[in-house]
Amino acid sequence: MKVVICGGGIIGCSTAYHLSLRGTPCTVVEKCAIACAASGKAGGFLARDWSNHYELGPISTESFDMHDRLSKTLPQKTDYRRIDTLQVSAREGHTSGPRNKDSLPSWLDGESLIDIGEMGTTKTTAQVHPYKLTHAFIEEAEKKGSEVRIGTVENIQFNEDGDTVTGVLVDGKVIEADVVVIAMGPWSHQAAKWLYHKIPEIKGQRAHSITLKPQDDVKSHALFVEYSLKRGERKSSEIYPRPDGEVYVCGLSDQEPLPLDPAEVKVKTASCDLLQEMARKVSKSLESAQREVSQACYLPVSSDGLPVIGKVAGIHGAYMAAGHSCWGILNAPVTGFAMAELILDGKSSINLEPFSPGRFHRS
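Residues numbered from 1 in each chain as written. Predicted model: local features only at pLDDT ≥ 70, side-chain atom pairs only at ≥ 80, totals over all residues. Heavy atoms only, no water.

Quick notes on the packing of aromatic side chains
In step 1: For the structure shown, the criterion picks out 10 aromatic pairs.
In step 2: Ring geometry for Phe45 versus Trp50: centroids 5.1 Å apart, planes at 50°, classification tilted.
In step 3: Each member of the aromatic cluster is reached from another via a ring pair, and the members are Phe45, Trp50, Phe224, Tyr240, Tyr248 and Trp327. (Phe/Tyr/Trp six-rings, centres within 6.5 Å; stacked < 30°, edge-to-face > 60°.)

Right under this line is the structure:
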């Protein structure tokens, strides 16, 4: 079986990894570079039970556990670890510190802090480095015969009846294929015209992030920060110290239109500046921390907020795995596992019905 995966983010690379474990190498086609978009710029926060109130719950629980197992089986270092997670509130101009300061981690000592509460423990929350995990997936797949092609997917080829995949057109050349997987994140919408508009629209929501390098040791807590500005606005950010000593800070989403090329994603400097200011307000250790990276990426979002995982109706050999929003890193392992089962066995042991590409066309 010849499989071509369009998209070299964490979903596509997880699918390649799990196919390779089953003895099916594939070709991953990526326009820019492996993990060049959201998969290389995300925070990597993992939550076991935060989606239990809706359809995503079962696969998120399974994928959280898979991350733990992968940390023990993958030979590459992916910076996986269990962490405690805290809800933090802070206010611009507040100078007396938090009410419960005696029970706080030592590095949470900013005078703008108002209150801190528990959101998760090492039993329910963890982190991984998305860029490192994505590369670990593809490196292991390559060891088993998979390959990466850097190029632009231009179309999908079909048989004479137009209902069976036969190849993928990349930079003017056809790669023969029995199966094509659309895993292009927010750029997956480009495949609609190749697949007779039988796949749902995936949109992109821009989010910003920075990395800081503090001189002092910052412990392993994930922070979800609500910051009140003097003018009355409230802003949200997330702060994740990483095992390598850097501190990742993200937030401040906006509706900037998605560019055609991942390499053309623009960064709003003011958003990155505000993220750094918010980080400085919660910890004195971050006040003088050097900013190393300022970046932006687009979260892939479907119209109902659920990922799109499964077969494309009416086209033999066409599959889609995209639209995971902010939970793409968390749910990448289970998505890749389920896609491998679906492609090779015709069905998956994971219930994918809520995520079927065809759900948007039902009457």
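Notes on the sheet that holds strand β11 (residues 173-176)
In step 1: With respect to topology, 3 strands assemble into an open sheet ordered β9-β10-β11, the strand pairing being antiparallel. The open sheet has two free edges, formed respectively by β9 (153-158) and β11, since each of these has just one partner strand. Across the sheet, the mean angle separating the axes of adjacent strands is 30° when strand polarity is ignored.
In step 2: Pairing of strand β10 (residues 165-170) with β11 involves 4 bridges; the strand directions are antiparallel. From the neighbouring strand, Gly167 faces β11, where its bridge partner is Glu176. (Pairing = 2+ DSSP bridges. Helix = DSSP H or I, 4+ residues; strand = E, 2+ residues; numbered from the N terminus. Axes fitted to C-alpha atoms, helices over the stretch in contact; angles between N-to-C directions.)

With respect to the pattern of salt bridges
In step 1: Inspection of the entire model under this criterion finds 18 salt bridges.
In step 2: With its nearest N and O atoms 3.6 Å apart, the salt bridge here joins Arg149 to Glu147.
In step 3: Judged by its relative accessible area of 36%, Glu147 falls in the partly exposed class.
In step 4: Among the ionic pairs, Arg280 bridges to Glu277, the shortest N-O distance being 3.9 Å. Placement of the pair is Arg280 and Glu277 together in helix α5 (residues 269-282), with a separation of 3 residues, close to one helical turn.
In step 5: The partly exposed category is assigned to Glu277, whose relative accessible area is 29%. (Salt bridge = Lys/Arg side-chain N within 4 Å of Asp/Glu carboxyl O. Buried < 20%, exposed > 50% of the residue type's maximum accessible area, 1.4 Å probe, protein only.)

Observations concerning the sheet that holds strand β3 (residues 45-47)
In step 1: A sheet is described by the order of its strands in space; here 3 strands give the open sequence β3-β7-β4, paired in antiparallel fashion. Of all strands in the sheet, those bounded by a partner on one side alone are β3 and β4 (81-82).
In step 2: Pairing of β4 with strand β7 (residues 125-127) involves 2 bridges; the strand directions are antiparallel. Residue pairing for β7: Arg81 is matched across the bridge by Gln127.
In step 3: Running over the sheet, helix α3 (residues 57-73) touches β3, β4 and β7 and is turned about 125° from β3. (Contact = heavy atoms within 4.5 Å.)

Some points on the pairing of strand β12 (residues 179-182)
In step 1: Neither face of β12 is open: one carries Val179 and Val181, the other Val180 and Ile182, and all of them are buried.
In step 2: Two strands pair when backbone bridges link them, and strand β1 (residues 3-6) and β12 are joined in this way by 4 bridges, in the parallel orientation. When the bridges of β12 are listed, Val4 appears paired with Val180.
In step 3: Strand direction decides the pairing type here: β12 and strand β19 (residues 318-322), joined by 3 bridges, are parallel. In the sheet register, Ile182 faces β19, and the bridge partner there is Met320.

Quick look at the side chain of Asp254
In step 1: Checked against the element boundaries, Asp254 lands in strand β16 (residues 247-254).
In step 2: Among the polar contacts listed, one links the side chain of Asp254 to the side chain of Arg206, at a separation of 2.7 Å.
In step 3: Of the polar contacts made by the side chain of Asp254, one reaches the backbone nitrogen of Glu256; its length is 3.2 Å.
In step 4: Setting aside anything within four residues of it in sequence, one finds Asp254 in contact with Gln205, Arg206, His208 and Lys268. (Polar contact = N/O pair within 3.5 Å; in protein donor to acceptor, adjacent residues only side chain to side chain.)

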